Amino acid sequence: MARRASPTWTFIITAMALFMVSLDNLVVTMALPVIRRDLGASLSDLEWTVNAYTLSFAALLLLGAALGDRFGRARMFSIGITVFTVGSAFAALAPTSNTLILARALQGVGGAISMPLTLTILSAAVSPARRPLALGAWGGISGLAIAIGPVVGGAITQGVSWHWIFWLNVPIGIVTVVLARFRLTESRGPGRSLDIVGVALASLGLLGIVWGVTHGNGRGWTDGQILGAIGVGFALVAAFIAWEARAAEPILPLGLFRRRASITANGIAFLMSFGMFGSIFLLSQFFQIVQGLNPLDAGLRILPWTAMPVIVAPIAGLASGRIGARPILIAGMALMAVGLAWMAAISSPTVAYPTLVPAFIVSGAGMGLFFAPIANVVLSAVPRDDEGKASGVNNTIRELGGVFGVAVLGAIFSANGSYVTPRTYVDGLVPALWMGAAVVAIGAVLAYALPRTVAGLRRPAVDATEERFAGPAAEAAA
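Residues numbered from 1 in each chain as written. Predicted model: local features only at pLDDT ≥ 70, side-chain atom pairs only at ≥ 80, totals over all residues. Heavy atoms only, no water.

Q: Break down the pattern of salt bridges for me, citing the residues and quoting the values.
A: The final tally for this structure, using the stated rule, is 2 salt bridges. One salt bridge in this structure joins Arg104 and Asp24, with 3.5 Å as the shortest N-O distance. A residue pair is termed long-range when its members are at least 10 positions apart, and Arg104 in helix H5 (residues 97-125) and Asp24 in the loop between helix H1 (7-23) and helix H2 (32-39) qualify at 80 residues. Grouping residues by exposure puts Arg104 and Asp24 together as buried. Here Arg423 makes a salt bridge to Asp427, at a shortest N to O gap of 3.2 Å. Separated by 4 residues within a single helix, Arg423 and Asp427 lie in helix H19 (residues 422-447), roughly one turn from each other. Residue Arg423 is classed as partly exposed on the basis of its relative accessible area, which comes to 45%. (Salt bridge = Lys/Arg side-chain N within 4 Å of Asp/Glu carboxyl O. Helix = DSSP H or I, 4+ residues; strand = E, 2+ residues; numbered from the N terminus. Buried < 20%, exposed > 50% of the residue type's maximum accessible area, 1.4 Å probe, protein only.)

Below, the structure is given as structure tokens:
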């Protein structure tokens, strides 16, 4: 007799994994100066310490969903967390910068396998009626990781050692894998063959684009390697799309993009990550370079911004089930745009911190209105069997949005300012923030294109496929 999934245990297990993987996107940034001194790392090494994780994570997210559909979602979730935990241990023990870079890449592989499955597994374990609450809490966990990442990184680096940033993941990962073994119910997607060609084309194509974008500022955008990497990357992505159009069981059913809701939701996700995370990258350095603060104090200063999603995201999840995700996403993107424009208008070398706090709160509230509703739209716009793939696509696009945001806003910063003095830093920061605000504002306009009928969680009925995955969990949750 098959074991029934407990919605409570499923949420705990997926939340632990989501928190751990999300945290590692930002936690290392505050430790980079110390890592540079301890390991004798160059500037390029430090860039790769951050980018190795992002590159492998973004390039392989589609693979995580595909492997879950083929070999079992709970099984691949456990394997992904195991790989992430092993990578964390290697990072903590790294004697050189090159070893640390390889370990960070291994972390990214594990995160890419497990991250999209957290949403799919959680969605299958709760009843449709309680799904908005569950996804709201899921969004809150993701927001919490974003909120405390810089603070945790700064506190551990100052109080103990940068090695413990990575050691912290090891016991959490072990406990998560053990709980997953005994508490998660296995499920699979409808496909039984793995689209190896599709996975290779998509992963290598994204790798080329992301590598080119992340190195464009340093090497120059007309450099042959940059142009070659981006060009080859786009060619491979085009080949991937052509392959998927004729593959028997594609990793990315192109039918997903025939639905207006899917196209719009993914566009909004890209624009949000582009504007917000590119801005956070520069503003976190502002407090250290211009205000002269240490890493922990800098992390604490942006806490009013990054902590707001913890409060707002669960409320947004509930509201999206009642009024639909469309108005919430419009409001969220608009608030983020207003907050960034506010920061751009008042930033100066001598700006008082209390003056920035209201703008931080507005931007953070907007972020909180984004996470759960966008997940609701992505999952509601596709059949239950395609949720894993839809989640993987959306996470990939969000990661790529962040990479492009850091690169493009960094290029704007470099064209207008520098790190030489506080004044020149602000000269580069302000136009970059204005660009971030403009990009997020475009996302607010795009949110109007969401169709009202799928903007919330309003499935017309629970079909046979949905019963197969959610039936036992729905009974347990009822």
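Q: Can you break down helix H11 (residues 260-289) residue by residue, with the values?
A: Taking 1.5 Å of rise per residue, 30 residues should cover 44 Å, and H11 covers 44 Å from first to last C-alpha, within 8% of that figure. In terms of burial, H11 is largely enclosed, as 22 of its 30 residues are buried. (Expected span 1.5 Å × (residues − 1).)

Q: Can you lay out the packing of aromatic side chains for me, pointing to particular residues and giving the numbers?
A: With the rule as written, the count across this model stands at 10 aromatic pairs. Their ring planes at 75° and their centres at 6.5 Å tell us that Tyr53 and Phe84 sit as a pair that is edge-to-face. Of the two residues, Tyr53 is situated in helix H3 (residues 43-71) and Phe84 in helix H4 (residues 73-93); the sequence distance between them amounts to 31 residues. Look at Tyr53 and you get buried, because its relative accessible area is 0%. According to the relative accessible area criterion, Phe84 is buried, its value standing at 0%. A connected cluster of aromatic rings, assembled from ring pairs, spans Phe286, Phe287, Trp305, Tyr353 and Phe360. A cation over an aromatic ring shows up here: Arg181 above the ring of Phe182, its NZ or CZ 5.4 Å from the ring centre. Taking the ring centre of Tyr353 as reference, the NZ or CZ of Arg301 above it sits at 5.3 Å. (Phe/Tyr/Trp six-rings, centres within 6.5 Å; stacked < 30°, edge-to-face > 60°. Lys NZ or Arg CZ within 6 Å of the ring centre and 35° of its normal.)

Q: Break down the packing of helix H15 (residues 325-346) against helix H17 (residues 371-380) for me, citing the residues and quoting the values.
A: In the contact formed by H15 and H17, the axes pass within 9 Å of each other and the chain directions differ by 140°. The orientation of H15 with respect to H17, classified from their angle, is oblique. The element H15 and its partner H17 pack so that their crossing is left-handed. Taken together, the residues of H17 that come into contact with H15 (itself represented by Ala325, Ile328 and Leu329) are Pro373, Ile374 and Val377. (Axes fitted to C-alpha atoms, helices over the stretch in contact; angles between N-to-C directions. Parallel < 35°, antiparallel > 145°, perpendicular 65-115°, else oblique. Left-handed = near helix turned anticlockwise from the far one by under 90°. Contact = heavy atoms within 4.5 Å.)

Q: How would you summarise the nonpolar core if you had to cite specific residues and measurements?
A: Formed by 117 residues in total, the largest nonpolar core has its most connected members in Phe77, Phe286, Trp305 and Phe370. Tallying contributions element by element places H11 first for this core, with 13 residues. If near-sequence neighbours (up to four positions away) are discounted, Phe370 is found in contact with Ile268, Ala269, Met272, Leu329, Met333, Met336 and Arg398. (Core = buried A, V, L, I, M, F, W, Y, C linked by side-chain atoms within 4.5 Å.)

Q: How would you explain the environment of Arg219 if you had to name every residue and give the values?
A: Tracing the backbone through its elements, the reader meets Arg219 in helix H9 (residues 196-219). Judged by its relative accessible area of 41%, Arg219 is partly exposed. Setting aside anything within four residues of it in sequence, one finds Arg219 in contact with Trp211, Gln225 and Ile226. Within polar-contact distance, the side chain of Arg219 engages the side chain of Gln225 at 3.4 Å. (Polar contact = N/O pair within 3.5 Å; in protein donor to acceptor, adjacent residues only side chain to side chain.)

Q: A description of a nonpolar patch on the surface should follow, citing residues and the corresponding values.
A: The grouping of Ile174, Val178 and Phe182 at the surface amounts to a nonpolar patch, some 300 Å² of accessible area in total. Relative to the elements of secondary structure, Phe182 occurs in helix H8 (residues 169-183). (Patch = residues over 30% accessible without salt bridge, like charges linked within 9 Å, V, L, I, M, F, W, Y side chains within 5 Å. Areas by Shrake-Rupley, 256 points an atom, 1.4 Å probe, with all protein chains shown as cover.)

Q: Can you lay out the environment of Ser380 for me, pointing to particular residues and giving the numbers?
A: When you line up the elements, Ser380 lands in helix H17. Among the residues examined, Ser380 registers a relative accessible area of 13% and is labelled buried. Considered as a pair, Ser380 and Ala261 are 119 residues apart in the sequence and their alpha carbons are 8.9 Å apart.

Q: Provide a residue-level description of the packing of H1 against H5, including the pertinent values.
A: Contact pair H1 / H5: the axes reach a minimum separation of 9 Å and the direction vectors enclose 155°. Relative to H5, the element H1 is oriented roughly antiparallel. Crossing angle aside, the handedness with which H1 passes H5 is left-handed. Counted together, Pro7, Thr10, Phe11, Thr14, Ala17, Leu18, Val21 and Ser22 of H1 and Gly111, Ser114, Met115, Thr118, Ile121, Leu122 and Ala125 of H5 form the full contact between these two elements. In the contact of H1 with H5, the residues fall into 9 nonpolar, 6 polar and no charged. (Nonpolar A, V, L, I, M, F, W, Y, C, P; charged D, E, K, R; others polar.)

Q: Account for the side chain of Ser279, naming residues and giving values.
A: Structurally, the position occupied by Ser279 is in helix H11. In this structure the side chain of Ser279 is engaged in a polar contact, spanning 2.6 Å, whose partner is the backbone oxygen of Gly275. Apart from residues lying up to four places away in sequence, Ser279 is in contact with Trp305, Leu340, Leu409, Leu433 and Gly436.

Take it as geometry only, folks, not as evidence of what the structure does.
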